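Remarks on the overall topology
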Amino acid sequence: MAGENLTLRGVLRDVLLAAAVTGRADPAPLTRPWPLLLRWTRYIGVGRLPYGLVANLFGLALTVGLVAGTVSLLSTETMRRGLYVSDGTKLFIAVAVTAPLALRDRHPLGAWRLSFLAMALIDIDGWLTVPYVPAGAFAAIVTVYTVAVRCSRDVTLGVAIISFAGVWLKDPETGAGASVLLLLPLAVGYAVRVRQTSRRELAEQERRHQDAEAVLTERQRIARELHDVVAHHMSMIAIQAEAAPYKVETVPDETRRDLAEIRATALDALTELRRILGVLRAEDGAETAPQPSLERLDELVGNARGAGLRVETRLSGDLAELPPGVGLTAYRILQEALSNAMRHAPGSRVEVEVSCDDGIVWLGVVNGPPAGGPGSVPPLPGGGHGLVGMRERAAALGGELTARPTSEGGFAVTASLPVKARDAT
């Protein structure tokens, strides 16, 4: 029992301390989306402004109005009761109890703390028929709701405990009614937070699922394209093994048997390869067109120039004797990089560099900003997971790929592909 009491005291201490001092609220950027129920304001022009800016301006305007109303109310009621209260005191009370409304969007917990202190310390006994300044009570309810929406469960629990204790200590006669008024914004605000959190988690799960699906789709596409390359090599092994005995007049029987076994093994491997990779073929049939390589680089660059890009190429090294898989991967990476330049920087200047040195194929595609400058031309539709596909292709050969913005407002894609295959790490 003692352990349970200590745990309870620890929980209460943590939640109360978080609410009073250490707690933090979720940030609220000025450019966040407008709530669904307020999106109609777009038709009158207000909804075209950042929602956070409008919310803060509205809070400030409401605060000014409540300050004026509170000063008027206090002046009328004190004069009717024959009490003398200076204008400075009435203005101070009005500002103290309503100022949290102007702060609640940017600093919800700070606004609630200020509201709680103002309502707890300001004594208007005998001035009004109620123990609270009406505008201050309204501000307190609004700040409690904002805390419930923007703060964690522990912080909200601490705010609820302190608020309930405050209204009962302030005025036990109205404690029950005040508690009901506090319970409503707490419950509604917490329900809104749970819904928002669930939506964010669902959106994050959907994004991760789409990323994983994009990786799997690209790997399937790579496997389909490399299938023809690998099948060609296996077919050549089988043909060479079958033709080898006829190139020499006298071939030992043991060698003939070995060559026949090599041919049979190659054919079996080819059959298994087609069976396994056949499930990755598209539903509308296999892709039977010849797979491209760097031999078609001029055609690729010509298409990019025809789309308005100003492409300059620099080629070096022996690019004609690359293995088919390496040539195919290099071609696809260059194709996707140029496509990205067409979509996101139409009319830009693009530098394409391809070189082969020391067993490594180096690729580089660097584009500048759009012809009219950054943001001058809306990007063309298309694309999706191009960077994912390029990285998967490079990784399939054990290579590396980087993609990053440039200081001039463009984009750079660089890749290194080993000519001789090695295990991808």
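Here the structure is a predicted model, which means the values were calculated and not measured.

**A look at the overall build of the protein**
- Each helix and strand in the protein was counted, giving 12 helices and 5 strands.
- Looking at the protein as a whole, 38% of its 425 residues are labelled buried.
- For the protein, long-range pairs separated by at least 24 residues make up 71% of all intrachain contacts whose partners lie at least 6 apart in sequence.

**With respect to the side chain of Arg193**
- Looking at the secondary structure, you find Arg193 in helix H8 (residues 175-247).
- Here Arg193 is in contact with Asp26, Ala148, Val149, Arg150, Cys151 and Ser152, once residues within four sequence places are set aside.

**With respect to the pairing of strand E1 (residues 310-316)**
- Note: E1 against strand E2 (residues 349-357), 7 bridges, orientation parallel. Bridge pairing in E2 places Arg310 opposite Arg349.
- Running through helix H11 (residues 324-344), the crossover from E1 to the neighbouring parallel element E2 is left-handed.

**Considerations on the packing of aromatic side chains**
- Under the defined criterion, the tally for this structure stands at 2 aromatic pairs.
- On the numbers, 5.1 Å between centres and 65 degrees between planes, the contact of Trp34 with Tyr51 is edge-to-face. You can see Trp34 sitting in the loop between helix H1 (2-22) and helix H2 (51-80) and its partner Tyr51 sitting in helix H2, a full 17 residues away along the chain.

**Describing the UniProt feature "transmembrane region" (unreviewed entry) in the protein**
- In the numbering used here, UniProt assigns the "transmembrane region" (unreviewed entry) feature to residues 51-71, 83-103, 115-144, 151-169 and 175-192.
- Helix makes up 76% of residues 83-103 and strand makes up 0%, while its end C-alpha atoms are separated by 32 Å.
- Along residues 175-192 one finds 100% helix and 0% strand; the C-alpha atoms at either end are 26 Å apart.

**Focus on unusual backbone geometry**
- Despite not being glycine, Asp358 has its phi angle at roughly 55 degrees, a positive value.
- Position of Asp358 relative to the elements: it lies in the loop between E2 and strand E3 (360-367).

**Focus on the pattern of salt bridges**
- Applying the stated criterion to the full structure yields 12 salt bridges.
- For Asp105, the salt bridge goes to Arg32, with nearest N and O atoms at 2.5 Å. Note that Asp105 is positioned in the loop between helix H4 (100-103) and helix H5 (108-121) and Arg32 in the loop between H1 and H2, a separation of 73 residues in sequence. An identical accessibility class is assigned to Asp105 and Arg32; each is buried.
- A salt bridge links Glu204 to Arg207, with the nearest nitrogen and oxygen atoms 2.6 Å apart. Taken together, the positions of Glu204 and Arg207, both in helix H8 and 3 residues apart, correspond to about one turn of that helix.

How each quantity is defined
- Residues numbered from 1 in each chain as written.
- Predicted model: local features only at pLDDT ≥ 70, side-chain atom pairs only at ≥ 80, totals over all residues.
- Heavy atoms only, no water.
- Helix = DSSP H or I, 4+ residues; strand = E, 2+ residues; numbered from the N terminus.
- Buried < 20%, exposed > 50% of the residue type's maximum accessible area, 1.4 Å probe, protein only.
- Contact = heavy atoms within 4.5 Å.
- Pairing = 2+ DSSP bridges.
- Right-handed = clockwise from strand over helix to strand, strands pointing away.
- Phe/Tyr/Trp six-rings, centres within 6.5 Å; stacked < 30°, edge-to-face > 60°.
- UniProt positions renumbered as here; feature names shortened; annotations may be inferred.
- Salt bridge = Lys/Arg side-chain N within 4 Å of Asp/Glu carboxyl O.

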